[in-house]
Amino acid sequence: DLSRQILGPEITVAVIVPTYNDSEFLRDALLSLQQQTFEQWRCYVVDDASSEPVEPVLREFLDDDRFVFLRHASNAGLAAARNTGIRVSTENVLQFLDADDLLTPWSLEARVKDLRARWNDPVCAGVYGQVLQCTEETCLTDLDSWTAEPSPGLRDWLSTEGESPFNVH
């Protein structure tokens, strides 16, 4: 079908959230995901054998079947937790979200829109999201005031002199 060739496939997003003793921030990270204007996502929370309980936070999200909870038997590190989420995901696009980070409500929608527009571009490896540095005290309600649309322009390996042009998340 012509529209599929032009727009690409229906996009679904796997959001991979590794966590290790992050109960202080995890709830807000997951709430920021739940408040997305783009709703075709599934979240894989991978507890990397936390020594402090994160289960009380996770219980708050059991009624939302878009959340999948996984736990490592022993601590294997951040990369291993991300890889566990990737292995079990079935969606066609990945988003990493660290347990102490937040997504603006339009984050996934804006990037899916950009990705659809570039789906058939062979040099496009991903789309960039807005990254705002903020203090630990930043709350989920603070995101309501963040209305600036990201406009990073072209980001590639040449313009960044060989440094990775993308944050992992």
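Description of the structure in this document.

### Overview of the pattern of salt bridges
At step 1: This model, assessed by the stated rule, comprises 6 salt bridges.
At step 2: The salt bridge involving R82 is made with D98; its shortest N-O contact spans 2.7 Å. Here D98 lies in the loop between β4 (93-96) and α5 (107-118) and R82 lies in helix α4 (residues 78-88), a separation of 16 residues in the sequence.
At step 3: A residue is classified by how much of its surface remains accessible, and R82, at 11% relative accessible area, is buried.
At step 4: Given a relative accessible area of 17%, D98 falls into the buried group.

### A closer look at helix α2 (residues 23-34)
At step 1: With 12 residues, α2 should cover 16 Å at 1.5 Å per step; its first-to-last C-alpha distance of 17 Å lies within 8% of that length.
At step 2: Listed as buried for α2 are L26, A29, L30, L31, S32 and L33.
At step 3: Looking at the buried positions of α2, the neighbouring elements they touch are β1 (13-19), β2 (41-47), α3 (55-59), β3 (67-71) and α5.

### Overview of the sheet that holds β3
By way of backbone hydrogen bonds, the strands of a sheet pair with one another, either parallel or antiparallel.
At step 1: The sheet built from 4 strands is open, its strands ordered β3-β2-β1-β4 with parallel pairing. Unpaired on one side and paired on the other, β3 and β4 mark the two borders of the sheet. With direction set aside, neighbouring strand axes in the sheet form an average angle of 20°.
At step 2: Two elements, β1 and β2, share 7 bridges in a ladder whose sense is parallel. Note that in β2 the partner of T19 across the bridge is D47.
At step 3: Lying over the sheet, α2 contacts β1, β2 and β3, oriented at roughly 165° with respect to β2.

### Details of the pairing of β1
At step 1: Buried residues dominate β1, accounting for 7 of its 7 residues.
At step 2: Residues of β1 alternate between two faces, with V13, V15, V17 and T19 on one and A14, I16 and P18 on the opposite face, all of them buried.
At step 3: In the classification by handedness, the crossover that spans β1, the intervening α2 and the parallel β2 is right-handed.

### Regarding the nonpolar core
Across soluble globular proteins, nonpolar side chains have a tendency to be buried as a group.
At step 1: Ranked by size, the top nonpolar core spans 25 residues in total, and within it V13, V15, V17, L30 and C43 carry the most contacts.
At step 2: Contributing elements (two or more residues each) for this core: β1, α2, β2, α3 and α5.
At step 3: Top element by residues in this core is α2. It accounts for 5 residues.
At step 4: Apart from the residues lying within four places of it in its own chain, the contact partners of V15 are L33, W41, R42, C43, Y44, Q95, L97 and L108.

Rules and cut-offs
Residues numbered from 1 in each chain as written. Predicted model: local features only at pLDDT ≥ 70, side-chain atom pairs only at ≥ 80, totals over all residues. Heavy atoms only, no water. Salt bridge = Lys/Arg side-chain N within 4 Å of Asp/Glu carboxyl O. Helix = DSSP H or I, 4+ residues; strand = E, 2+ residues; numbered from the N terminus. Buried < 20%, exposed > 50% of the residue type's maximum accessible area, 1.4 Å probe, protein only. Expected span 1.5 Å × (residues − 1). Contact = heavy atoms within 4.5 Å. Pairing = 2+ DSSP bridges. Axes fitted to C-alpha atoms, helices over the stretch in contact; angles between N-to-C directions. Right-handed = clockwise from strand over helix to strand, strands pointing away. Core = buried A, V, L, I, M, F, W, Y, C linked by side-chain atoms within 4.5 Å.

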